[in-house]
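So the chains spell out like this:
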Amino acid sequence: MRISDKTNPVEYRAVQDRYDEMTYRRCGNSGILLPAISLGLWHNFGYVDNIEKARNILKVAFDAGITHFDLANNYGPPYGSAEENFGLIFKRDFVKYRDELIISSKAGYDMWPGPYGNLGSRKYLIASCDQSLKRMGLEYVDIFYHHRPDPDTPLEETMGALDQIVRQGKALYAGISNYPSDMAEKAAAILKDLGTPCLIHQAKYSMFERWVEDDLLDILDDNGVGCIAFSPLAQGMLTDKYIHGIPEDSRAAKDMTYLERSQVEAQLPKIKQLHELALERGQKLSQMALSWLLKDDRITSVLIGASSTNQLKENLDALDKLEFDEDEIRKIDEVLKS
Ligand SMILES: NC(=O)c1ccc[n+]([C@@H]2O[C@H](COP(=O)([O-])OP(=O)(O)OC[C@H]3O[C@@H](n4cnc5c(N)ncnc54)[C@H](OP(=O)(O)O)[C@@H]3O)[C@@H](O)[C@H]2O)c1
């Protein structure tokens, strides 16, 4: 897909004050600071999407101090197309800012046919990382993740592949995603022994999905591993968009997404109550949902998606109010546990 010269004839220059408002948090026991809000390219960046819109979202993000863009081999649709589109935009707008960016990719889900394009073998991870670099036109990614645990491949092999990718200079840091607590602890121990410490765990965490609170956050903290919370808005449910029905252009209304209408309808009573609590705090629900995660300093960053620059700007304003009093926490817990 071509990037039009007409819509943006002027060369992109990031605003000078881009680091003034964002806060940065140390990722585990590492040298890396991540922005409190990071941007993911799972949706809205594939061939099915408008690349100029996608490009604007990235520019607004970077201008607001979002230095971390997260991808994976299979983001699109079709698979690979988010990385290819990102590569086009990167070449056009962001090459000069490469050293100001943390770009991540992953492998772990089905990517190509046959036994070597899925899960956690060394064969798959090494090939997939090479393919991702090619699609994005990058010499290296900052973080390469194993996207999900593989029950059949020895963890030593998968972690060995991450270590190899780092030693080859194709990634600067290694990460894991969707690993349950016990496997995360083992993975971190293996990576430590290999001399490539696990930088980060990318875990699903939102008001509606609280499994990480059981013991994962403590385990990561004890092992010096950061945590980035994905789908922190529960794919848009924790915003005011579904309060009056399911809009035509929303994720829940589209085919081929992971958000069903029935899921939204089931959560609607809670969404409405949380919306009221957010208004009492002087926030939108989206902002309260993000600040609620960020009140815990074991959360390095919240990894949001956005289908417009307005959504992104609204979400960024979450950073204006991260504190909660005991009463607010109690009322939110009551709604979530009801
Ligand atoms: N590791 C993994 O297995 C994994 C899995 C999933 C995601 N991720 C990562 O996490 C990133 C974020 O996931 P996500 O997109 O599910 O995150 P999310 O922030 O929970 O949901 C983003 C979606 O919510 C809606 N939205 C966002 N802000 C809004 C606002 N202010 N008002 C109204 N609607 C708003 C938009 O959907 P509409 O299209 O409805 O406007 C947007 O695309 C992904 O891009 C990816 O990088 C990782």
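Structural data are supplied above this passage.
The text that follows walks through the structure, step by step, so that each part is easy to find.

The rules behind the values
- Residues numbered from 1 in each chain as written.
- Predicted model: local features only at pLDDT ≥ 70, side-chain atom pairs only at ≥ 80, totals over all residues.
- Helix = DSSP H or I, 4+ residues; strand = E, 2+ residues; numbered from the N terminus.
- Rg over C-alpha atoms; globule rule 2.2 N^0.38 Å.
- Buried ≥ 20, exposed ≤ 12 C-beta atoms within 10 Å, placed from the backbone.
- Contact = placed C-beta atoms within 7 Å.
- Axes fitted to C-alpha atoms, helices over the stretch in contact; angles between N-to-C directions.
- Parallel < 35°, antiparallel > 145°, perpendicular 65-115°, else oblique.
- Left-handed = near helix turned anticlockwise from the far one by under 90°.
- Nonpolar A, V, L, I, M, F, W, Y, C, P; charged D, E, K, R; others polar.
- Pairing = 2+ DSSP bridges.
- Right-handed = clockwise from strand over helix to strand, strands pointing away.
- Core = buried A, V, L, I, M, F, W, Y, C linked by C-beta atoms within 7 Å.
- Near = placed C-beta within 6 Å.

## Digging into the overall build of the protein
Consideration 1: Secondary structure summary: the protein contains 10 helices and 10 strands in total.
Consideration 2: For the protein, whose C-alpha radius of gyration is 19 Å, the value lies close to the compact-globule estimate of 20 Å for 338 residues.
Consideration 3: If you line up the protein on its principal axes, its C-alpha atoms span 50 × 50 × 40 Å.
Consideration 4: Looking at the protein as a whole, 45% of its 338 residues qualify as buried.
Consideration 5: In the protein, 77% of the contacts between residues at least 6 apart in sequence involve partners at least 24 apart.

## Remarks on the packing of helix α4 (residues 155-167) against helix α5 (residues 181-194)
Consideration 1: It is the contact of α4 with α5, at a shortest axis distance of 10 Å, that shows an interaxial angle of 50°. On the basis of the axis angle, α4 is oblique to α5. In the crossing of α4 with α5, the sense of the turn from one axis to the other is right-handed. Of the residues in α5, those touching α4 at Leu155, Glu156, Met159, Gly160, Leu162 and Asp163 are Met183, Lys186, Ala187, Ile190, Leu191 and Leu194.
Consideration 2: Among the residues forming the contact of α4 with α5, the class breakdown is eight nonpolar, one polar and three charged.

## A look at the pairing of strand β9 (residues 226-230)
Consecutive side chains along a regular strand alternate between the two faces of the sheet.
Consideration 1: With respect to burial, β9 is a largely interior element, five of its five residues being buried.
Consideration 2: Neither face of β9 is exposed, since Gly226, Ile228 and Phe230 on one face and Cys227 and Ala229 on the opposite face are all buried.
Consideration 3: The pairing of strand β8 (residues 198-204) with β9 spans five bridges and is classified as parallel. Among the inter-strand pairings, Lys204 is bridged to a residue of β9, identified as Phe230.
Consideration 4: With helix α6 (residues 216-222) bridging β8 and its parallel neighbour β9, the resulting β-α-β unit is right-handed.
Consideration 5: Taken together, the three bridges between β9 and strand β10 (residues 301-304) define a ladder with parallel strand orientation. Its bridge partner lying in β10, Phe230 is registered against Leu303.

## Overview of the nonpolar core
Consideration 1: Among the nonpolar cores identified, the biggest contains 95 residues, and Ile143, Phe144, Leu162, Ala171, Ala174, Ala229 and Val302 are the most heavily contacted of them.
Consideration 2: Excluding anything up to four places from it in sequence, Leu162 contacts Leu125, Phe144, His146, Ala174, Leu191 and Thr196.

## Section: the sheet that holds β10
Consideration 1: The parallel closed barrel is built from eight strands, whose spatial order is β3-β4-β5-β6-β7-β8-β9-β10. Shown here is a sheet whose adjacent strand axes are inclined to one another by a mean of 30°, direction ignored.
Consideration 2: Most of the contacts of α4 go to strand β7 (residues 171-177), to which it runs at about 155°, and overall it touches β6 (141-146) and β7.

## Thoughts on the site of the ligand
Consideration 1: Of all residues adjacent to the ligand, which total 30 residues, the nearest are Gly40, Trp42, Leu233, Gly236 and Gly305.
Consideration 2: No other element matches helix α9 (residues 309-316), which puts three residues into the shell around the ligand.
Consideration 3: When grouped by side-chain class, the residues that make up the shell around the ligand number nine nonpolar, 17 polar and four charged.

Remember, this is a structural readout, not a statement about activity or role.
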